[in-house]
Amino acid sequence: MLNRITAMAFMSLMLAASFTVTVAATASDKPRLTLSQQAEQGRIDSKKTEQSQLEKARKAASDTQSREQEILERQESGEWEKEQIEKSQAQFKERESRADKYLREAKEAAAKERKIEEQD
């Protein structure tokens, strides 16, 4: 029985050792790049990044230009000015109604009789 347990333990250790060797071999199978290859890969990656950033900048400039054009068209038609006037009138009415509400509440509060409780 002890020999059987020892044999099983030995087999387990051998399996674990062979697995470790296999994993280590797989990791070392990866081709290692020389410094000049790494530098070349860095240049390629840098060029790709630069091109990507340039394309994003072009798109942003185009989007900005189209937004500017749209705003200019709206201003020329008077639509933008009308919108601004309507917004300001709505804000004025809102402030006015809020002020009226506060004034009304203050008048109601002043009209109420208040009892001051005597303290002993």
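Residues numbered from 1 in each chain as written. Predicted model: local features only at pLDDT ≥ 70, side-chain atom pairs only at ≥ 80, totals over all residues. Heavy atoms only, no water.

Quick look at the pattern of salt bridges
Stage number 1. For the coordinates displayed, the defined rule picks out 5 salt bridges.
Stage number 2. Of the charged contacts in the structure, one is a salt bridge between glutamate 40 and arginine 43, with a shortest N-O distance of 3.3 Å. Here the residue glutamate 40 and the residue arginine 43 both occupy positions in helix α2 (residues 35-77), the gap between them amounting to 3 residues, near one helical turn.
Stage number 3. Since its relative accessible area comes to 51%, arginine 43 is described here as exposed. (Salt bridge = Lys/Arg side-chain N within 4 Å of Asp/Glu carboxyl O. Helix = DSSP H or I, 4+ residues; strand = E, 2+ residues; numbered from the N terminus. Buried < 20%, exposed > 50% of the residue type's maximum accessible area, 1.4 Å probe, protein only.)

Re the confidence of the model for the chain
Stage number 1. Put simply, the chain has an average pLDDT of 81, and 74% of its residues get 70 or more.
Stage number 2. Mean pLDDT per element in the chain: helix α1 (residues 2-28) is the minimum at 61, and α2 is the maximum at 92. (pLDDT = per-residue confidence, 0-100.)

With respect to the packing of α2 against helix α3 (residues 79-111)
Stage number 1. In contact at an axis separation of 4 Å, α2 and α3 are set at 75° when each is read in the N-to-C sense. As summarised for this structure, α2 and α3 are arranged roughly perpendicular, according to the angle between their axes. Two secondary-structure elements touch here, α2 through Arg74, Gln75 and Ser77 and α3 through Glu79, Trp80 and Glu83.
Stage number 2. Split by residue class, the contact of α2 with α3 holds 1 nonpolar, 2 polar and 3 charged. (Axes fitted to C-alpha atoms, helices over the stretch in contact; angles between N-to-C directions. Parallel < 35°, antiparallel > 145°, perpendicular 65-115°, else oblique. Contact = heavy atoms within 4.5 Å. Nonpolar A, V, L, I, M, F, W, Y, C, P; charged D, E, K, R; others polar.)

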